[in-house]
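Working through the structure, step by step
Residues per chain are reported as follows:
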Protein chains: 2
Amino acid sequence: MKKLYAVGLGPGDGQTMTPQAVAAIEESQVICGYTVYIDLIRPLCQGKEVITTAMTREIDRCRMALEQAAAGKTTAMVCSGDAGVYGMASLLLELGQQFPEVEIEAVAGVTAALSGGALLGAPLAHDFAVISLSDLLTPWPLIEKRLAAAAQADFVLCLYNPRSKKRADYLKKACDIVMRSQSPETVCGLAWNIGRPGQRTKLTTLARLPEEEADMFTTVFIGNSQTQALSGRMVTPRGYENKGR
Amino acid sequence: MKKLYAVGLGPGDGQTMTPQAVAAIEESQVICGYTVYIDLIRPLCQGKEVITTAMTREIDRCRMALEQAAAGKTTAMVCSGDAGVYGMASLLLELGQQFPEVEIEAVAGVTAALSGGALLGAPLAHDFAVISLSDLLTPWPLIEKRLAAAAQADFVLCLYNPRSKKRADYLKKACDIVMRSQSPETVCGLAWNIGRPGQRTKLTTLARLPEEEADMFTTVFIGNSQTQALSGRMVTPRGYENKGR
């Protein structure tokens, strides 16, 4: 069987890469991915063909990986976090329809919602929604609709791609929408450069969140009405206190 | 520093446990958790004090772990999936307020949304909401409100705890709510016993989803309006096709 793995590497350092991800990379003859992700796994790539590409041209990149696999070389496409969450797995599966001889297997990884959440405390301990603020592939009105709906139903929110140079005001816009349903005092958290040099976290409030530095390597958490700041940690209760102690 | 780790083990087999989780367990003198989770990591527990508990009494269990750590023994509380997602991390942090000398560190793990998603294909490749259908700790009307809001805003949904003996009709009720906004033909998927004996997946439609077997070891995925079934895989496109090829 001709095989292509879509591998999630976790947030950055090797400390969160699963044995399954390591095994998929070791089994592969060809490793594809952004240069910055390949650099994370350089020692695993020795003796393999490595195809690095720049930050765009996702379709070309995925097609190239499929062609390598179709040529009989077991191939791994690596992504940071989880390959299925805003990663390459879905595009590989879509384009893979043209390569029926290639079996595509996704290998799950620790996405930034989980790794950033752990650094902050336990913000995602109750129902939560994950939303990307990037409008490169999604119309902004749909993003706004999702923010409003999730806030109104008191989901904890985890925001990916909270801001870029071209979208400097999107985080502010998002906070304004959430604030229609949630208190300005809602506990919020940020995690920067998870698993990389410069890793840090901060707690703040919904009203102050737009003042924070944020870029494509930042993950933002907006609590629900129950989320608390406890000794510098962001904690969403599951509700045990309502059951009596 | 007195230390307590809240460790996510991933879905079951060792293949998704991160090196960070293994290191936290190895560093610990005391390991706490449900018997079924401890069994997953038996070889790592040799020579350690192991405290297993039954499936309820979460508050007692967490307090016991905090007491062990406060007594100077580095302790790990293990959970399946991610300790922060419907796990013990938030309760530990809450109760930890009474144990200020104990530093609590959460260690992220691959939660069922990610591991089940990878088995099914790439259902969570666009904005998604995670909702537990268990009303043990959450009033059912709030769960209904979240289901309705998320479906109306076209989130992909990932449902935890979709059904139990006491709540045999909850998955049906949830599907009825989602169907107010989404087509009965919406692509859905189920993952049973992820990473355990009996692991399997199935694709179905929203109309047929309530007929499926589901229990507390089942994770349910309901697609958004764009989700497709492609060669037996559940795939939510990110939207590259709209950008031209």
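The paragraphs below set out a description of the structure included in this document. (Residues numbered from 1 in each chain as written. Chains lettered and ligands numbered in written order. Predicted model: local features only at pLDDT ≥ 70, side-chain atom pairs only at ≥ 80, totals over all residues. Heavy atoms only, no water.)

Looking now at the overall build of chain A. Counting secondary structure elements, chain A contains seven helices and 13 strands. In summary, chain A has a C-alpha radius of gyration of 19 Å against a globular reference of 18 Å for 245 residues, a match within 12%. Overall size of chain A, expressed as C-alpha extent along the three principal axes, is 55 × 40 × 35 Å. Scored against the burial criterion, the 245 residues of chain A give a buried share of 62%. Contacts spanning at least 24 positions in sequence make up 69% of the contacts within chain A whose residues lie at least 6 apart. (Helix = DSSP H or I, 4+ residues; strand = E, 2+ residues; numbered from the N terminus. Rg over C-alpha atoms; globule rule 2.2 N^0.38 Å. Buried < 20%, exposed > 50% of the residue type's maximum accessible area, 1.4 Å probe, protein only. Contact = heavy atoms within 4.5 Å.)

Looking now at the sheet that holds strand β5 (residues 102-107) of chain A. All names here are of chain A. Across the sheet, which stays open at both edges, the five strands sit in the order β3-β2-β4-β1-β5 with parallel pairing between neighbours. Two strands in the sheet have a free side with no partner beyond their single neighbour: β3 (49-53) and β5. For this sheet the average axis-to-axis angle between neighbouring strands, irrespective of direction, equals 20°. Bridging between strand β2 (residues 30-34) and strand β4 (residues 75-79) involves three bridges; their strand directions are parallel. The residue of β4 that forms the bridge with I31 is A76. Across the sheet, helix α1 (residues 19-27) touches β1 (2-8), β2, β4 and β5, and the angle it forms with β1 is around 140°. (Pairing = 2+ DSSP bridges. Axes fitted to C-alpha atoms, helices over the stretch in contact; angles between N-to-C directions.)

All names here are of chain A. Counting buried residues along strand β11 (residues 218-222), five of its five residues qualify, which places the element largely inside the surrounding structure. Burial along β11 is two-sided: the face carrying T218, V220 and I222 and the face carrying T219 and F221 are both buried. When strand β8 (residues 156-160) meets β11, the two strands line up antiparallel, connected through three bridges. Bridged to L157 within β11 is I222. Across five bridges, the pairing between strand β9 (residues 187-192) and β11 is antiparallel. If you follow W192 over to β11, its bridge partner there is T218.

Taken together, the 71 residues of chain A in the interface contact 70 residues of chain B. When the buried area of chain A at its contact with chain B is split by residue, L137, R146 and Y240 of chain A rank highest and sum to 12% of it. Our enumeration of links across chain A and chain B arrives at four salt bridges. Residue R146 of chain B is joined to D127 of chain A by a salt bridge in which the shortest nitrogen-to-oxygen separation is 2.8 Å. If you look at where chain A meets chain B, you find 28 residue pairs in polar contact (both at pLDDT 80 or more). Residue composition of the side of chain A that touches chain B, grouped by class: 34 nonpolar, 23 polar and 14 charged. For strand β7 (residues 128-132) of chain A and strand β7 (residues 128-132) of chain B, the ladder comprises three bridges, and the chain directions are antiparallel. Looking at β7 of chain B, one finds that V130 of chain A is bridged to F128 of chain B. (Buried area = accessible area lost by both parts, 1.4 Å probe. Salt bridge = Lys/Arg side-chain N within 4 Å of Asp/Glu carboxyl O. Polar contact = N/O pair within 3.5 Å; in protein donor to acceptor, adjacent residues only side chain to side chain. Nonpolar A, V, L, I, M, F, W, Y, C, P; charged D, E, K, R; others polar.)

Right, let's get into the environment of A153 of chain A. By the secondary structure assignment, A153 of chain A is in the loop between α6 (140-152) and β8. In the structure, A153 of chain A is positioned 131 residues away from V22 of chain A in sequence and 39 Å away in space, judged by C-alpha atoms. Setting aside residues no more than four positions away along its own chain, A153 of chain A makes contact with L142, K145, R146 and A149 of chain B.

Take the side chain of S132 of chain B next. Along the chain, S132 of chain B turns up in strand β7. Under the relative-accessibility criterion, S132 of chain B is labelled buried at 8%. Among the polar contacts listed, one links the side chain of S132 of chain B to the backbone nitrogen of S134 of chain B, at a separation of 3.1 Å. Residues in contact with S132 of chain B, not counting those within four places in the same chain, are D127 of chain A together with Y86, I143, Y160 and N161 of chain B.

The analysis is restricted to geometry; functional conclusions fall outside its scope.
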